[in-house]
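Tertiary structure, described
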Amino acid sequence: MAVLQKTKKRRLSLTAGAIFARLKASRTASCSLNFVLGFMMSGARVMGNMAPFGIAAVARAPASPEGIFCLLGACTGYLLTGGFDFGVRYIASALLVFTVSFVLRDTKLVTKAWFMPCVAALVSGVTNYLNSFELFASVPILAGALTELTLTGGAAYFFIQATRPGPRTGEEAERVQTISSLVLCACLFISLANVLILDVISVGRFLALLLIMTAAFKGGALTGGAAGVAFGFAMDLAAGSGGFFSMAYAISGLISGFFSKHGRLLFLVGYIAVNTIAVIWVTGFELRMPLMYEVFAASVAFAVLPEKLLEILGSAAALPLPSTGEAGLRRYAAARANRLSHALRDLYGTVFRAINSRTNDNDVATVFDRASAAVCVNCKNKSDCWQKSFMDTLTIMNDATEPMLGRGKLQTDDLADRFLEKCPSVHTFVTAVNGELRALMYRRQFRSRLSENRSAAYGQYKDLADIVEGLAKDLQDANGADPLAERRLSRFLRAMDISADVSVFRDGRGRLHAIIESGRLNPLLRQENWLDTLSAVLGVRLCKSPDGAETTANRISVLEAEPLVVSVGIAGMKKKGEAVSGDRGTYFKTEQGVLCVILADGMGSGEAAAKESINAVRTLETFLRAGVDPAVAMKLLNSVLLLKNGEDWGYSTVDLMCVDLFTGEACFYKYGAAPSFVKNGKAIRRVRGESLAAGLCAGDGSSPDVVRMKLRPGNVALIASDGVSTAGDNWLREMLLQTDGRDAKALAKETLRRAAKENGPEDDMTVLALRVDERS
């Protein structure tokens, strides 16, 4: 950031507006600078005998003493460089332009960027006509007048933009000021083009060459070529050379720019060589030798130019680097997400320690203490039983504890005979003990359930921390925009006359995403193979986004296609006598290129089981589509089932299979689900788990069973509910060995038919079959 600010300051320091702003504090220096500017601009000649830039300089000047000095400088320059007969028209034009500016100085009209350029152009055209009255005498005269009028108005506009004080807000304003400053320099060089050193070297061309070399050395080939065209055109206007300077300067700046990374010496050798060849190409050009002298002189000056000054000049010429703001914003967001993840983990740790440090109210001795406090308080034998014979009474109660807990209640026979003979309220005491025992059991049950719910609820803090941490990792690992691909796509769309906002980037996995938004995408969408066309433009095979974002006439969202494809078949059968099946299966592909296959079997059968399985699948699918890690999503589903009211939700077995279609990595996540089967050639692998169903797992055992493997093209997988393999699964293994699984739907139907034959329709049955293949 500090480097960026430093570069901006240097860019600002090189603009004419900044120079005028700095000198504004000194009235004498400001007036002097305006006088020199007006004088030099009035001496610039283009196309033989045109001098429009002095008028443009006056149009730029404010209606103040500085403006008067600029007017004086222009008038003096016109008289000294052109004589009275030549200068009187331009002096009159300058006076009229300044008069308009002075008269309207307090109005808003004069502050408009277009007003004074229009005034300057109009006055130039009128005085040109009044000077000769031959404006429409012939086409060449009319063309010359229109050219001078255009140059006057255009130069006035650029001079105003270049010398306007104050910082520029926005990239467009900064670009306009940079171009305007370039035009101002070019006009100054035109005025110095006829100033010769030793009657050989033109000062204007020498300075132009120096700036072209700096632009090519610091900005590269494109910047050097652009500077060569701009300053070459200005020198052609001054010399009337028919485009020679534009050609020579442009090709020298372009080719030498390729050597800018190899040091000044090689860069200068390349520039001089290219310029020499360009001069030799043009035969009979009278400025051939002076031009070579100028190039040599500018090369020597460039070679000894201080590095600090070269750096300052080059900062204005260098092309802007790709913005790092997006990457910085990603890192900032990732850091904030990491801090939030750590905060959630700390909160989970604090709460977990708190709920596991509860007081002990489970001592069975409290049952007898509370019963005696209620029954024996008014008994005449109180002091004998609980004071004199306390140890004997304690022994009697301890002996009665074991049978009481085994039976779930206290009976009179559990108490010693000596206690029964002495106690006048035995039955009342036994009833009180049983009441306290029931209360203790209720408290234990309540605390157990409360502990489960708290663990599930507070465990979600840890799960949320895992989600946020994963999001932070995605932000940190994201590769960001792909400028080259964006330029390719933008050029292609412009060639189809489509103006669009294009965004091409790669996510943390390196997968390419492309989004096109435009008011008219129909010319592209009308092509039947538009997706293949975009694939050819970007150099990668594309597919449509799986997130449900439809391609419309205004928006296209496509992704890099996965190298693997999976065909999926699903078949189901409800239990005999039930209206609906309690199983629910689905599959979908995420934006990360992962195929998710889910099968849930609700508790029981019928509508109640269907409701449980539907809600389980919906919840899990929502998390997975949002990019949540599958293991975390399964744990969240389990905690949701634990926290739900028991009358509305019970439990559900859940089977989740995730296949990475880029790498073939597969992972099974199981909560009490039936075994799954994977066929690899002639080998059949049985994938099973040991965890309970979702909604029954609590505490340390709340994580699902996880089995990882790698799938290859041709592998077949089968996921089924427990009703399919009730009577064993040997028949299923034999069936898988005899099929290649190319038709996944047919395999799922055949498996269901065989399961019904083997087991009968005594339970809900659902089968999901899939086969992995290479994308053709």
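See the structure shown above.
Note that residues are indexed from 1 along each chain, following the sequence as it is written. Residue-level local features of this predicted model are given only where pLDDT is at least 70; pairs of side-chain atoms are given and counted only at 80 or more, and the full residue set underlies all totals for whole chains, interfaces and linings. For the side-chain quantities, the full set of heavy atoms in the structure was used; hydrogens and water were omitted.

**Here we look at the overall build of the protein**
Definition in use: Think of it this way: any DSSP run of H or I at least four residues long counts as a helix, any run of E at least two long counts as a strand, and we number them from the N terminus. To sort residues, take the accessible area from a 1.4 Å probe on protein chains only and compare it with the maximum for the residue type: under 20% means buried, over 50% means exposed, and anything in between is partly exposed. In what follows, residue pairs with any heavy atoms lying within 4.5 Å of each other are defined as contacts. Here the accessible surface of atoms and residues is derived via Shrake-Rupley with a 1.4 Å probe, and residues count as covered only by protein chains that are part of the display.
The secondary structure content of the protein amounts to 26 helices and 17 strands. Looking at the 776 residues of the protein, the share that counts as buried comes to 44%. The long-range fraction of contacts in the protein, counting pairs at least 24 apart against all pairs at least 6 apart in sequence, stands at 68%. Of the accessible surface of the protein, which amounts to about 39100 Å², a share of 58% is contributed by carbon and sulfur atoms.

**Quick word on the packing of helix 20 (residues 483–495) against helix 22 (residues 530–538)**
To keep it simple, the criterion reads: Helix axes use the C-alpha atoms of the stretch in contact, all axes being lines fitted to C-alpha atoms, and the angles between their N-to-C directions lie in the range 0 to 180 degrees. An angle counts as roughly parallel when it lies under 35 degrees, as roughly antiparallel when it exceeds 145, as roughly perpendicular when it falls between 65 and 115, and as oblique in every other case. Left-handed describes a crossing in which the near helix is turned anticlockwise from the far one by less than a right angle; the clockwise case is right-handed.
As a packed pair, helix 20 and helix 22 sit with axes 9 Å apart at the nearest point and diverge in direction by 130°. The angle between helix 20 and helix 22 places the two elements in the oblique class. For the crossing formed where helix 20 meets helix 22, the hand is right-handed. Seen from helix 20, the contacting residues are Ala485, Arg488, Leu489 and Phe492; seen from helix 22, they are Thr533, Leu534, Val537 and Leu538.

**Quick word on the sheet that holds strand 10 (residues 594–602)**
Stated precisely, the cut-off is as follows: For two strands to be treated as a pair, DSSP must find no fewer than two bridges joining them.
Reading across from one edge, 9-10-11-12-15 is the order of the five strands in this open sheet, with antiparallel pairing throughout. The open sheet terminates on both sides in strands that have one partner only, identified here as strand 9 (583–589) and strand 15 (705–710). Averaged over neighbouring strand pairs, the angle between their axes works out to 10° when direction is ignored. Examined bridge by bridge, strand 10 and strand 11 (residues 652–660) share nine bridges and lie antiparallel to one another. Pairing of Val597 across the sheet is with Met657, part of strand 11. Packing against the sheet, helix 23 (residues 606–625) makes contact with strand 9, strand 10 and strand 11, and its axis sits at approximately 160° to strand 10.

**Regarding the packing of helix 10 (residues 244–256) against helix 11 (residues 264–281)**
When two helices pack together, their arrangement is captured by the angle between the axes and the distance separating the axes. Following both chains from N to C, one finds helix 10 and helix 11 inclined at 150°, their axes separated by 9 Å at the closest point. As judged from the angle between their axes, helix 10 and helix 11 are roughly antiparallel. Considering how the two elements wind past one another, helix 10 and helix 11 form a crossing that is right-handed. Counting all contacts with helix 10, which are made through Phe244, Met247, Ala248, Ile251, Ser252, Gly253, Ile255 and Ser256, the residues of helix 11 involved are Phe267, Gly270, Tyr271, Val274, Asn275, Ala278, Val279 and Trp281.

**As for helix 23**
As a reminder of what qualifies: Each helix should span, by expectation, one fewer than its residue count multiplied by 1.5 Å.
The end-to-end C-alpha separation of helix 23 is 28 Å, in line with the 28 Å expected for 20 residues at 1.5 Å each. Considered for burial, the residues of helix 23 that qualify are Gly606, Ala609, Ala610, Glu612, Ser613, Asn615, Ala616, Val617, Leu620 and Leu624. Gly627 lies just past helix 23 and shows a positive phi near 90°.

**Re the state of the cysteines**
Test applied: In plain terms, two cysteine sulfur atoms within 2.5 Å form what is called a disulfide here.
All chains considered together, the criterion is met by zero disulfides. Cys596 takes part in no disulfide bond, and the closest cysteine sulfur to it belongs to Cys658, at a distance of 3.9 Å. Residue Cys596 is classed as buried on the basis of its relative accessible area of 2%.

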